[in-house]
Amino acid sequence: MKIAILGSGLMGSALGRVWAKAGHDIIFSYSRSASKLERLASETGGAAASVADAVDQADAVLLSVHWSNVDDVLTQAGDLAGKVVLNCCVPLDDANDSLVLGPKTSGAEELARLRPQAIWVSCFNTAPSESFAPVYANKGQGTPPDLLMYGDAPQAKAVAKQLIKDAGFAPLEAGGLKTGRYAEPFAMVTAVLAYGQPGGPALTYNFKKL
């Protein structure tokens, strides 16, 4: 699969590296540093491109920018009509310590409102980027960690499910985009546990029904 990554910070670069190892073609875009995009492309055997070109070439798109940059990157991406877009953004304020949307809506729902012709699914936003490399390294060894996935389009969920498995996680179906109203606060909990507790930030989780 050819995957355009819009936003090449911690999340985008970590997932790009993992998906490249899993055999996907990665196109990195949207960074303040063109040299960073080129370096990531070189490291992964992928490519660097403008947002518009990356989207045009892609089978799937990962949106992984800070919430403050959403309007800008979407303007460059165009209408995203017919594109499967995996959203891993959490709608955070500039200080990264509070949600700017909720409880009666969510970032997932707002993105779908902004680009209604895209095919949206949210995933990877409840796991810290530091977990991606070790999870992939342990792929196939024991029970994989869960990863929440939610959206309204079966087509997008099918793509997300495969990419989640390729990264070494177990996709956990969590309903429609409305689930973002609860999953995005949960993402804040995982961040507190990852970055505010001893043991390092490579946090994963598993849910079990008894």
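Residues numbered from 1 in each chain as written. Predicted model: local features only at pLDDT ≥ 70, side-chain atom pairs only at ≥ 80, totals over all residues. Heavy atoms only, no water.

1. So, the packing of aromatic side chains
Tallied over the entire structure, the rule returns seven aromatic pairs. For the ring pair W19 and F124, a centre distance of 5.7 Å and an interplane angle of 85 degrees mean the geometry is edge-to-face. One end of the pair, W19, is in helix α1 (residues 10–21); the other, F124, is in the loop between β6 (119–123) and α6 (132–137), with 105 residues separating them in the sequence. Between the aromatic rings of Y205 and F207, the centroid separation amounts to 5.5 Å while the plane-to-plane angle is 65 degrees, which identifies the pairing as edge-to-face. Assessed through its relative accessible area of 12%, Y205 is described here as buried. (Phe/Tyr/Trp six-rings, centres within 6.5 Å; stacked < 30°, edge-to-face > 60°. Helix = DSSP H or I, 4+ residues; strand = E, 2+ residues; numbered from the N terminus. Buried < 20%, exposed > 50% of the residue type's maximum accessible area, 1.4 Å probe, protein only.)

2. Observations regarding the pattern of salt bridges
Applying the stated criterion to the full structure yields five salt bridges. In this structure, R17 and E43 form a salt bridge, with 3.1 Å as the shortest nitrogen-oxygen distance. Residue R17 is found in helix α1, and its partner E43 is found in helix α2 (residues 34–44); the two are separated by 26 residues along the sequence. For E43, a relative accessible area of 46% translates into the label partly exposed. A cluster of three or more residues bridged by salt bridges with shared partners is formed by R17, R39 and E43. (Salt bridge = Lys/Arg side-chain N within 4 Å of Asp/Glu carboxyl O.)

3. With respect to the sheet that holds strand β4 (residues 60–63)
Strand order in the open sheet formed by eight strands is β3-β2-β1-β4-β5-β6-β7-β8, with mixed pairing between adjacent strands. Single-partner strands in this sheet number two, and they are β3 (47–48) and β8 (170–173). Here four bridges tie strand β1 (residues 2–6) to β4, and the two strands are oriented parallel to one another. If you follow L6 over to β4, its bridge partner there is L63. (Pairing = 2+ DSSP bridges.)

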